[in-house]
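Reading the structure
Below, each chain spelled out in residue letters.
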Amino acid sequence: MGLTELDDSPRAVVRRQYLASAAGDLDALRATLAPDVEWTEMAGFPLAGTYRTPEGVTAAVMEKLGADWVDWTAHDDTYVVDGENVVVLARYTATHGTTGKTLDARVAHAFVVRGGLIVRFEQFVDTALVRDAMA
């Protein structure tokens, strides 16, 4: 693989998404998302819903998390890959900007990657831990 070629395997694409998110690089994050991406934040999560388009996802999720929380980070640690399906076990850490309470919660993220782009995302998280940090 040449220096300018990106690994577009499902695992590598998902990993790039986490690295871009951690760096706050929304352009790089959008580059991992398909134009018709379906990004679902879990019911009960403050940003619950399904968002579409790379710009829609970053505006409705990443930018709002960045505005409400200090150092919101998804720490990816375990990848389970089955073809185009990638499940990542991770941890959210952050401090709520208003309450000053910290969050440390285990999460699971399910991705579908096709043609080197994330076409679907679904979040699973203990929403009570998030709400507790916000209250």
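Preceding this section is the structure that the text describes.
Residues numbered from 1 in each chain as written. Predicted model: local features only at pLDDT ≥ 70, side-chain atom pairs only at ≥ 80, totals over all residues. Heavy atoms only, no water.

In sheet architecture, strand pairing relies on hydrogen bonds along the backbone and comes in two forms, parallel and antiparallel. Taking strand neighbours across the sheet as the criterion, the six strands line up as β2-β1-β6-β5-β4-β3 in an open arrangement whose pairing is mixed. A strand with exactly one partner marks an edge of an open sheet, and here the two such strands are β2 (49–52) and β3 (69–82). Across the sheet, the mean angle separating the axes of adjacent strands is 20° when strand polarity is ignored. Summarising the sheet, β3 and strand β4 (residues 85–96) pair through eleven bridges and their orientation is antiparallel. Its bridge partner being in β4, valine 81 is matched across the sheet by valine 86. On the sheet, helix α3 (residues 54–68) packs against β1 (33–41), β2, β3 and β4 and is oriented at approximately 45° with respect to β1. (Pairing = 2+ DSSP bridges. Helix = DSSP H or I, 4+ residues; strand = E, 2+ residues; numbered from the N terminus. Axes fitted to C-alpha atoms, helices over the stretch in contact; angles between N-to-C directions. Contact = heavy atoms within 4.5 Å.)

A separate point is helix α1 (residues 10–23). Its 14 residues give α1 an end-to-end C-alpha distance of 20 Å, which sits within 8% of 20 Å, the value for a rise of 1.5 Å per residue. Pro10, Ala12, Val13, Val14, Gln17, Tyr18 and Ala20 are the residues of α1 that are buried. In the core, the buried residues of α1 are packed alongside α2 (26–30), β1, β3, β4, β5 (102–114) and β6 (117–125). Glycine 24 sits one or two positions beyond α1 and adopts a positive phi of about 70°. (Expected span 1.5 Å × (residues − 1). Buried < 20%, exposed > 50% of the residue type's maximum accessible area, 1.4 Å probe, protein only.)

Another point: the packing of aromatic side chains. For the structure on display, the rule yields nine aromatic pairs. Residues tryptophan 39 and phenylalanine 111 carry aromatic rings whose centres are separated by 6.4 Å and whose planes lie at 75° to one another, so their mutual orientation is edge-to-face. Within this pair, whereas tryptophan 39 is found in strand β1, its partner phenylalanine 111 is found in strand β5, the two being separated by 72 residues in sequence. For tryptophan 39, a relative accessible area of 2% gives the class buried. Taking relative accessible area as the criterion, phenylalanine 111 reaches 2% and is therefore assigned buried. Through a chain of ring-to-ring contacts, the aromatic side chains of Tyr18, Trp39, Tyr79, Phe111 and Phe121 assemble into a single cluster. (Phe/Tyr/Trp six-rings, centres within 6.5 Å; stacked < 30°, edge-to-face > 60°.)

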